[in-house]
Amino acid sequence: MANEILNLTCKQLRDQIADGTVKSTKAVEAVFAQIEKAEPKIKAFLRTHKEEAMQKAADIDEKIANGDKVGSLAGVPIAVKDNICTSFSKTTCASKILEDFEAPYDAHVIEQLNAADAIIIGKCNLDEFAMGSSTENSGLQQTVNPWDADRVPGGSSGGSAAAVAGRMAFGSLGSDTGGSIRQPASFCGVVGLKPTYGRVSRYGLVAYGSSLDQIGPFTRNVEDAALMMNVIAGHDGRDSTSVTEKDAPVPDYTADIDKPIEGLKIGIVPRFNEGASDEVGKAVKASLDTYKSLGAEIVEIDMPYFDYAVATYYVIATAEASSNLARFDGVHYGHRTADPHDYVEVYSKSRDEAFGDEVKRRIMLGTYALSSGYYDAYYLKASKVRNLIRQDYTKAFEKVDCIMMPVSPTTAFKFGEKTDDPMQMYLADIYTIAANLAGVPGISVPCGFDSQNLPVGLQIFTPAFSEERLLRIARMYEKENDHNIVMPPLAK
Amino acid sequence: MSKKIDQQQVKQVAKLARLDLDDSEVAKFSTELSSILEYIEKLGELDTDGVEPLAHCLPVNNVFREDKPRPSLSNEQALKNAPERVDKFFMVPKILDDNSNS
C-alpha cells in the first residue's frame, strides 16, 4: 500500500484523498516511511516535521469525512526549499549565519500552500543562500543525487529536487535565480518550472538576486507542475514586483494541459545542442524528433547574445547579492562573533566566520562591480547586455512558439569535480541563466538517460506569462514517454 | 576594465563588504576573482552604444498602497532572533567611548 501511494502523482493522490480512497494520514505515513529508508542515503532534508504533518493530515481527513470544502492540494505532502520563510520552523538558507533563525512569518507561497490544504513535511537543503549549481556549497550538509551517490543533485535547489526524485515528497518548491530549479530537476530526473519573473510572489523568499529570483515547483510530471502553479501563482501586494491580475491574469493551468498545441513551431539553436555532451545532445535531438512526429515544425534560430549570459549574470546577480546580504550584520539576527572589540568587528568577523566561500566570493565580486570606478565598466555594461539578451528572446518569439535546448551541457557531475574552479561551475548554467536575465518562463522535462543511467533534461522556453502554453508543450512530450515513472536506485 | 584584482584590491573590497578575510583567503580570492573577471571581460567585445540598460525585466512602476496603519511585528517577535539583547533592545558594543564629547 505504501509503495502504491508513493507512486501516485500529486493529482492522483489529491483525487484519491478527496474521494476517500486514500487517507491523507496514510500518505504522510508512507512518505515518512520512505524518508526513514531513503533519506539517510540522499540527505535532501534539513528538517522534517512529522508530528505537525500527521496532525494536519488527520484534520484534512476529518474535514473530508465531514464533507467540508477543502483546498486543491488537500492532504498532499509537499517539501519546501529552506530559503523560503516558514513561521513553524527554522529558515536557514543552509548557512551557518542563519543556522538558528526562526522567521516570524510565512512566505506568500507558504500561505498559498496552507490555503490549498497541502501538508508541508519539511525544509530542503540548498547551496548556501541559493548560490551554486551542485548543492555542494550548503553550509549544513551534503545532498546526493538519488540516481548515483557519487554525484551531485544539482543546485541550488538540490534538496527540493532530490526529495521529489527520491519519492520523499509528491512535490516541492525551489527558487531559480540562474537555473536553480531547472538544472537540479534535470540532474534528478523530475520536472522543474521557473515561472515568469513576477508571476509568483517573492514575499518571504530570502533574497539573493532580486531582479532574477523566482519561486517554482518540482514535481514528477508536468500536470502536477500545473497543479502547483494554480496554487502559488498570482498577485501579492507585499511584493512590489508581483504582477497584477489586470496586467497578466492567472489562468487555470490544468484546464487545457492535455490539449496539444496545433502547428507548434519550435525554435532551436543548433550550436547549443552541439555544445552539450554527445549523450545530452542525442537525448535532446530524440525529443525534438518526438515533437516532429506530433506535427511540430523545427525552425533554426539564432540567439547571438546568449553566449554573454553567464558573464552578464555574474555581474548583475552578484551586485544584487552584495546588497541583499548586507542585512546579515550580526545585530538583528543570525550568527554574531564572540567578544567583538568594536561594532565594525560585529559585522566583519561575524560575516567572515559564518558565510561560506561561495557567498563571500559573490559578495566580493558584486561589491567590486558596484564600486566607484568600476560601475560603468561592469554593472552598467552588463545591464545593457541584459537588454540585448532579452531582445534575443523577443526576436526569436516573433518566429516561433517556443525555444528548446538542453538544460545543462552534461548530466550530473561527480562531487568535487568543479569545486576547485568556480568558473567551470558557473559555466554549468550556460543554458539556463539567460531566461532569468530576460524574465521568461522555462521548464525542465525528463527526456531520457545517458549510458550511466543518469537523467537528461529537455529545456523549453515560451514568452513571459505564457506558462499555460509552456506546460501544454511540455505535456505533449511527456505523454509520449515514461521517463518520469522510473524510480531512482537510492529511492528503492 | 582591469583583468587582475590584486591582493591589495581584495583587501579593500573585503573592507567595503565587511568581510574580515585572513591572508590565505585574500590570496585565494585574488586568484579566483581575477579568473572570473577575466571571463567577464568578454562583455567588452560588444558594442552597447545606444543600448538602454535593463535593470529589470518587467516594466517597473512605483507601487503605492494606502497610507494607513497596519499591524506590525511585536517587540518580542522583532527581538526573537537577536544574538544579544537587553530588555527591549538589540545590544551592540559601545560605539562612542566614555570621553567622547559628541
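All of these numbers come straight from a predicted model, not from anything done at the bench. Residue positions are given per chain, counting from 1 as you read along its sequence in written order. Written order decides the labels, with chains lettered from A and ligands numbered from 1. The model is predicted, so local features are restricted to residues of pLDDT at least 70 and side-chain atom pairs to those at 80 or more, both for listing and for counting; the totals for chains, interfaces and linings are taken over all residues. Side-chain measures were taken over the full set of non-hydrogen atoms in the model, leaving aside hydrogen atoms and water.

> Pulling in residues and values, what's your account of the overall build of chain A?
A tally of regular secondary structure across chain A gives 17 helices and eleven strands. Expressed as lengths along the three principal axes of its C-alpha atoms, the size of chain A is roughly 65 × 55 × 50 Å. Throughout this description, buried means an accessible area under 20% of the type-specific maximum (1.4 Å probe, protein chains only), exposed means over 50%, and partly exposed covers the range between. For chain A, with 492 residues in total, the buried portion stands at 66%. To measure how exposed things are, a 1.4 Å probe is used in the Shrake-Rupley method; for residues, cover is taken only from the protein chains shown. Within the structure as shown, chain A displays about 15800 Å² of accessible surface, and the carbon and sulfur contribution to it stands at 46%. In DSSP terms, a helix is any run of H or I states spanning at least four residues, a strand is any run of E spanning at least two, and both are numbered starting from the N terminus.

> Can you lay out the overall build of chain B for me, pointing to particular residues and giving the numbers?
Along its length, chain B carries three helices and two strands. Scanning chain B from its N terminus toward the C terminus, one meets helices and strands in the order α-α-α-β-β. The C-alpha atoms of chain B give a radius of gyration of 23 Å, which is well past the 13 Å a tight globule of 102 residues would have. Oriented by its inertia axes, the alpha-carbon framework of chain B measures out at about 55 × 45 × 30 Å. Residues counted as buried form 29% of the 102 residues belonging to chain B. By the convention used here, residues are in contact when the closest approach between their heavy atoms is within 4.5 Å. Summarising the internal contacts of chain B: among those between residues at least 6 apart in sequence, 38% fall at separations of at least 24. For chain B, the exposed surface amounts to about 7400 Å²; the carbon and sulfur share of it is 49%. Within chain B, one finds 14 positive and 19 negative side-chain charges whose respective centroids are separated by 7 Å. Only the C-alpha atoms count toward the radius of gyration. The rule for a globule is 2.2 Å times the residue count to the power 0.38. Counted charges follow a simple rule, with Lys and Arg positive, Asp and Glu negative, and His plus the chain ends left uncounted. By convention, the point assigned to a charge is CZ for Arg, NZ for Lys, CD for Glu and CG for Asp.

> So what about a nonpolar patch on the surface? Which residues, and what values?
A surface patch of nonpolar side chains, amounting to about 360 Å² of accessible area, comprises Tyr343 of chain A together with Val92, Ile95 and Leu96 of chain B. Looking at the secondary structure, you find valine 92 of chain B in the segment after strand 2 (89–90). Two joining distances apply to patches: 9 Å for like charges and 5 Å for nonpolar side chains (Val, Leu, Ile, Met, Phe, Trp, Tyr), and every residue must have over 30% relative accessible area and no salt bridge. The salt bridge criterion pairs a side-chain nitrogen of Lys or Arg with a carboxyl oxygen of Asp or Glu, the two atoms within 4 Å.

> Talk me through helix 13 (residues 357–370) of chain A; I want residue IDs and the actual numbers.
A helix's residues, less one, multiplied by 1.5 Å, set its expected span. Counted at 1.5 Å a residue, the expected span for helix 13 of chain A with its 14 residues is 20 Å, and the 20 Å between its end C-alpha atoms agrees. A large share of helix 13 of chain A lies buried, amounting to twelve of its 14 residues. When helix 13 of chain A is considered as a whole, its buried residues turn out to be Glu358, Val359, Lys360, Arg361, Arg362, Ile363, Met364, Leu365, Gly366, Thr367, Tyr368 and Ala369 of chain A. Against helix 11 (309–324), helix 12 (343–354), helix 14 (376–399) and helix 15 (422–427) of chain A together with helix 1 (7–16) and helix 2 (23–40) of chain B lie the buried residues of helix 13 of chain A.

> Report on the packing of aromatic side chains, specifying residues and quantitative values.
Only Phe, Tyr and Trp rings take part, Trp by its six-membered ring, and two of them pair if their centres are within 6.5 Å. Stacked means planes under 30 degrees apart, edge-to-face means over 60, and tilted covers everything else. Inspection of every chain in the model, using the stated rule, returns 21 aromatic pairs over all chains. Between phenylalanine 272 of chain A and tyrosine 431 of chain A the ring centres are 5.8 Å apart and the planes differ by 50°, which places this aromatic pair in the tilted class. Of this pair, phenylalanine 272 of chain A sits in helix 9 (residues 270–275) while tyrosine 431 of chain A sits in the loop between helix 15 and helix 16 (433–438), and the two are 159 residues apart along the sequence. For the pair formed by phenylalanine 272 of chain A and tyrosine 431 of chain A, the shared burial category is buried. Measuring from centroid to centroid gives 4.8 Å for tyrosine 313 of chain A and tyrosine 314 of chain A, while their planes differ by 80°, and the two rings are edge-to-face. The buried category is assigned to tyrosine 313 of chain A, whose relative accessible area is 3%. Pairwise contacts between aromatic rings join Phe272, Phe306, Tyr393, Phe397, Tyr431 and Phe461 of chain A into one cluster. Distance and angle both matter: a charge sits over a ring if NZ of Lys or CZ of Arg is within 6 Å of the ring centre and within 35 degrees of the ring normal. Positioned above the aromatic ring of phenylalanine 29 of chain B, the side-chain terminus of lysine 28 of chain B is 4.8 Å from the ring centre. The residue whose ring lies beneath lysine 42 of chain B is tyrosine 308 of chain A, and the NZ or CZ to ring-centre distance is 5.3 Å.

> So, the pairing of strand 5 (residues 191–194) of chain A: which residues are in play, and what are the values?
Residues and elements named next belong to chain A. On strand 5, burial covers both faces: Val191 and Leu193 on one face and Gly192 and Lys194 on the other are all buried. If DSSP finds at least two bridges between two strands, the strands pair. One ladder, built from two bridges, connects strand 5 with strand 6 (residues 214–219); its direction is antiparallel. Note that in strand 6 the partner of valine 191 across the bridge is threonine 219. Examined bridge by bridge, strand 5 and strand 10 (residues 442–449) share three bridges and lie antiparallel to one another. By the bridge assignment for strand 10, leucine 193 is matched with isoleucine 443.

> Could you give an account of the pattern of salt bridges, with specific residues and numbers?
Residues and elements named next belong to chain A. Applying the stated criterion across every chain yields a total of 30 salt bridges over all chains. Between aspartate 117 and lysine 63 there is a salt bridge, with the nearest N and O atoms lying 3.9 Å from each other. Taken together, the positions of aspartate 117 in the loop between helix 5 (108–115) and strand 3 (119–124) and lysine 63 in helix 4 (residues 50–65) put the pair 54 residues apart, joining distant regions of the chain. Taken together, the shared-partner salt bridges in this structure form one network comprising Glu223, Asp258, Arg475, Glu478 and Lys479.

> Tell me about the sheet that holds strand 5 of chain A, and name the residues and values.
Residue and element names in this part refer to chain A. Read across the open sheet, the eleven strands follow the order 1-3-2-4-6-5-10-11-9-7-8; overall the sheet is mixed. In this open sheet, the two edge strands, each paired with only one partner strand, are strand 1 (45–48) and strand 8 (297–300). Across the sheet, the axes of successive neighbouring strands diverge by a mean angle of 30°, strand direction being ignored. Here five bridges tie strand 2 (residues 77–81) to strand 3, and the two strands are oriented parallel to one another. Each residue of the ladder has a partner; that of lysine 81, found in strand 3, is cysteine 124. Lines fitted to C-alpha atoms define the axes, with helix axes restricted to the stretch in contact, and inter-axis angles between N-to-C directions lie between 0 and 180 degrees.

> Break down the UniProt feature "domain: Amidase" (unreviewed entry) in chain A for me, with residues and values.
UniProt positions are given in the numbering used here, feature names are shortened, and annotations may be inferred rather than shown by experiment. When the UniProt feature table is mapped onto this chain, "domain: Amidase" (unreviewed entry) is found at residues 27–471 of chain A. Annotated as 38% helix and 13% strand, the span residues 27–471 of chain A places its first and last C-alpha atoms 27 Å apart.

> Tell me what's going on with the interface of chain B and chain A, and back it up with residues and numbers.
On the side of chain A, 67 residues touch chain B, which itself brings 52 residues to the contact. Of all residues in chain B, the largest losses of buried area upon contact with chain A belong to Arg18, Leu54 and Cys57 of chain B, amounting jointly to 12% of the total for that side. Polar contacts, as used here, are pairs of N or O atoms within 3.5 Å; protein pairs need one atom able to donate a hydrogen and one able to accept it. Residues neighboring in sequence count only if both atoms are side-chain atoms. In this assembly, chain B and chain A are joined by 21 residue pairs in polar contact (both at pLDDT 80 or more). Those elements that provide at least two residues to the side of chain B that touches chain A are helix 1 and helix 2 of chain B. When residues in the side of chain B that touches chain A are grouped by element, the largest group, ten residues, is from helix 2 of chain B. Residue type decides the class: Asp, Glu, Lys and Arg count as charged, Ala, Val, Leu, Ile, Met, Phe, Trp, Tyr, Cys and Pro as nonpolar, and the leftover types, Gly among them, as polar. A breakdown of the residues in the side of chain B that touches chain A according to their chemical character gives 32 nonpolar, eight polar and twelve charged. Two parts placed together each lose some accessible area under a 1.4 Å probe, and the buried area is that loss summed for both.

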